[in-house]
Amino acid sequence: MKLVCQKVWKLFGPNASEFLAAHNGAPTTQEISDAGLIPAVRDVSLEIKAGESFVVMGLSGCGKSTLVRCLSRLSEITSGDVHFDGRNLNSLSHHELIEIRRHKMGMVFQHFALLPHLTVLQNVAFPLKIQGKSKQQQTERAHELIEIVGLKGRENYFPRQLSGGQQQRVGIARSLSVNPEVWFLDEPFSALDPLIRNEMQDEFLRLREMLKTTIVFITHDLDEAVRLADRIAIMRDGEVIQIDTPEQLILKPANGYVEEFTKRIPRTKVLTVRAVMKPGDAPGDHTGNHTVKATAKIADVAAEVLNATSPLRVVDDTGKTVGSLERSAVISVLTATTEK
Ligand SMILES: Nc1ncnc2c1ncn2[C@@H]1O[C@H](COP(=O)(O)OP(=O)(O)O)[C@@H](O)[C@H]1O
Ligand SMILES: [Mg+2]
């Protein structure tokens, strides 16, 4: 596990730690509000695997930014533990924390947070300057990243001379300059127009493939979450209600709130063949030579299945038969609304 968060609380207001201790670490909502405290993060436990794209999703004000600040230790936590690569961040000195943040974490924020009086090149190089890298190292790496995010030629522009999308590309390049082990992105595309946002999501997916780093991505947009996540944590009022793959969130919502949320997700784009196939390796009545992958999304195989005259053979990544896919199963996903 790259990042582990155990029973983390973040209460805003005076004497929050004492308050939590006095209530055995489990105060009620009423007790919290009577004490005049704001429960931004409540008893959150989660584990993020190395190389995973972990998305935190929830409505505005539910505590997403606070949680990510607790994970990266930009904020002190009120109680609980955060482990990074097996090291408990509570046990580290202030200096050690800063070193970890500078060398192992990259951050992108919603409002870009670029330095207005620095050029694109200087902004991207800035984290390396802070690290004390040589001028040449700074410049070389910055040029490399500027090219990767598609801003070659604009090295000497100032942020105000760039569009929102371009500014966020600078933010992305800057966050990657240190080659982060964990890449935090807090609603990076929320301030952008829908078309640009879509383009930036494509860009993000491309970078993710390239970097294979651990990612913690915050969004209030479910479509974005589904598109970018390996797993999604759904937050509400400071609590994490469910952590699962997009597919499992649809198939097994933990409660009505999650169900209500996930109803809107186009099921054919999330559900895999495996979720709806008839399992088993018997030859059955599927026509042997026509196969689909168990990991394929229904949307990608629907036409094929609907056109086939008999069920298709489903194979895993090694080519082994794991089940058969019938037309009726696909039709029921295509026409499903809320059942299952
Ligand atoms: N520095 C702060 N002081 C007091 N309350 C805060 C502070 N930061 C955030 N909050 C409160 O904590 C809650 C969660 O905020 P936030 O983490 O920003 O939510 P989100 O990122 O999901 O929109 C909100 O009620 C917000 O008003
Ligand atoms: Mg936020």
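Residues numbered from 1 in each chain as written. Chains lettered and ligands numbered in written order. Predicted model: local features only at pLDDT ≥ 70, side-chain atom pairs only at ≥ 80, totals over all residues.

**Here we look at the sheet that holds strand S7 (residues 182-186)**
The mixed open sheet is built from 6 strands, whose spatial order is S6-S7-S8-S3-S9-S10. The open sheet has two edge strands, strand S6 (105-109) and strand S10 (239-244), and neither has a second partner. Between one strand axis and the next, the sheet turns by 15 degrees as a mean value, whatever way the strands run. Two elements, strand S3 (residues 53-57) and strand S8 (residues 214-219), share 5 bridges in a ladder whose sense is parallel. Residue Val56 lies in a different strand from S8, and its bridge partner there is Ile218. (Pairing = 2+ DSSP bridges. Helix = DSSP H or I, 4+ residues; strand = E, 2+ residues; numbered from the N terminus. Axes fitted to C-alpha atoms, helices over the stretch in contact; angles between N-to-C directions.)

**What to know about the domain arrangement of the protein**
For the protein, the domain assignment lists domain 1 (48-266) and domain 2 (268-335). For domain 1 versus domain 2, the separation of C-alpha centres amounts to 36 Å. Domain 1 puts 7 residues into the contact, and the matching count from domain 2 is 6 residues. Grouping the amino acids of the side of domain 1 that touches domain 2 by side-chain chemistry returns 6 nonpolar, no polar and 1 charged. (Domains from an automatic or database assignment. Contact = placed C-beta atoms within 7 Å. Nonpolar A, V, L, I, M, F, W, Y, C, P; charged D, E, K, R; others polar.)

**Some words on the pairing of strand S4 (residues 79-84)**
Of the strand pairs in this sheet, strand S1 (residues 3-12) and S4 are connected by 5 bridges, and their pairing is antiparallel. Considered in S4, the bridge of Trp9 is made with Ser79. Linking S4 back to strand S5 (residues 87-88) in an antiparallel pair, the connection comprises 2 residues, with Asp85 at a positive phi of about 55 degrees.

**Let's talk about the sheet that holds strand S12 (residues 291-293)**
Strand order in the open sheet formed by 4 strands is S11-S14-S13-S12, and the pairing between neighbours is mixed. In this open sheet, the two edge strands, each paired with only one partner strand, are strand S11 (278-279) and S12. One ladder, built from 2 bridges, connects S11 with strand S14 (residues 321-325); its direction is antiparallel. Each bridged residue has a counterpart across the sheet, and for Lys278 the counterpart in S14 is Ser324.

**A short note on the packing of helix H5 (residues 120-131) against helix H7 (residues 164-176)**
Running from N to C, H5 and H7 point in directions that differ by 30 degrees, and their axes come no closer than 7 Å. Here H5 is positioned roughly parallel relative to H7, judged by the angle of their axes. Crossing of H5 over H7 shows right-handed handedness. Contacts between H5 and H7 involve Val120, Asn123, Val124, Phe126 and Pro127 on the former and, on the latter, Val170, Ala173 and Arg174. Class assignment of the residues belonging to the contact of H5 with H7 gives a composition of 6 nonpolar, 1 polar and 1 charged. (Parallel < 35°, antiparallel > 145°, perpendicular 65-115°, else oblique. Left-handed = near helix turned anticlockwise from the far one by under 90°.)

**Here's the deal with the packing of H7 against helix H8 (residues 194-211)**
Packing of H7 against H8 brings their axes to within 10 Å, and their N-to-C directions diverge by 25 degrees. Judged by the angle between their axes, H7 and H8 are roughly parallel. Crossing of H7 over H8 shows right-handed handedness. Between H7 and H8, the residues in contact are Gly164, Gly165 and Gln168 and Ile196, Glu199 and Met200, respectively. For the contact of H7 with H8, the class distribution of residues is 2 nonpolar, 3 polar and 1 charged.

**Quick word on the site of ligand 1**
Taken together, Phe12, Ile38, Ala40, Gly58, Ser60, Gly61, Cys62, Gly63, Lys64, Ser65 and Thr66 are the residues near ligand 1. Among the elements of the structure, strand S2 (38-48) and helix H3 (64-71) are those that each provide at least two residues to the shell around ligand 1. The residue makeup of the shell around ligand 1, split by class, is 4 nonpolar, 6 polar and 1 charged. (Near = placed C-beta within 6 Å.)

**Overview of unusual backbone geometry**
Phi angles above zero are rare outside glycine, and Asn24 is one such case at about 50 degrees. Note that Asn24 resides in the loop between helix H1 (16-22) and helix H2 (29-34). Judged by C-beta crowding, with 7 C-beta atoms within 10 Å, Asn24 ranks as exposed. Here Asn179, not a glycine, exhibits a phi torsion of approximately 60 degrees, which is positive. (Buried ≥ 20, exposed ≤ 12 C-beta atoms within 10 Å, placed from the backbone.)

**Some remarks on the environment of Lys212**
Position of Lys212 relative to the elements: it lies in the loop between H8 and S8. The sequence separation of Lys212 and Leu176 amounts to 36 residues, and the corresponding C-alpha distance is 12 Å.

**Observations regarding the pairing of S3**
The element S3 is extensively covered by neighbouring structure, given that 5 of its 5 residues are classed as buried. Taking every second residue as pointing to the same face, both faces of S3 are buried, with Ser53, Val55 and Met57 on one and Phe54 and Val56 on the other. Inspection of the sheet shows S3 paired to strand S9 (residues 231-236) by 4 bridges, in the parallel sense. Across the sheet, Val56 pairs through a bridge with Ala233, a residue of S9.

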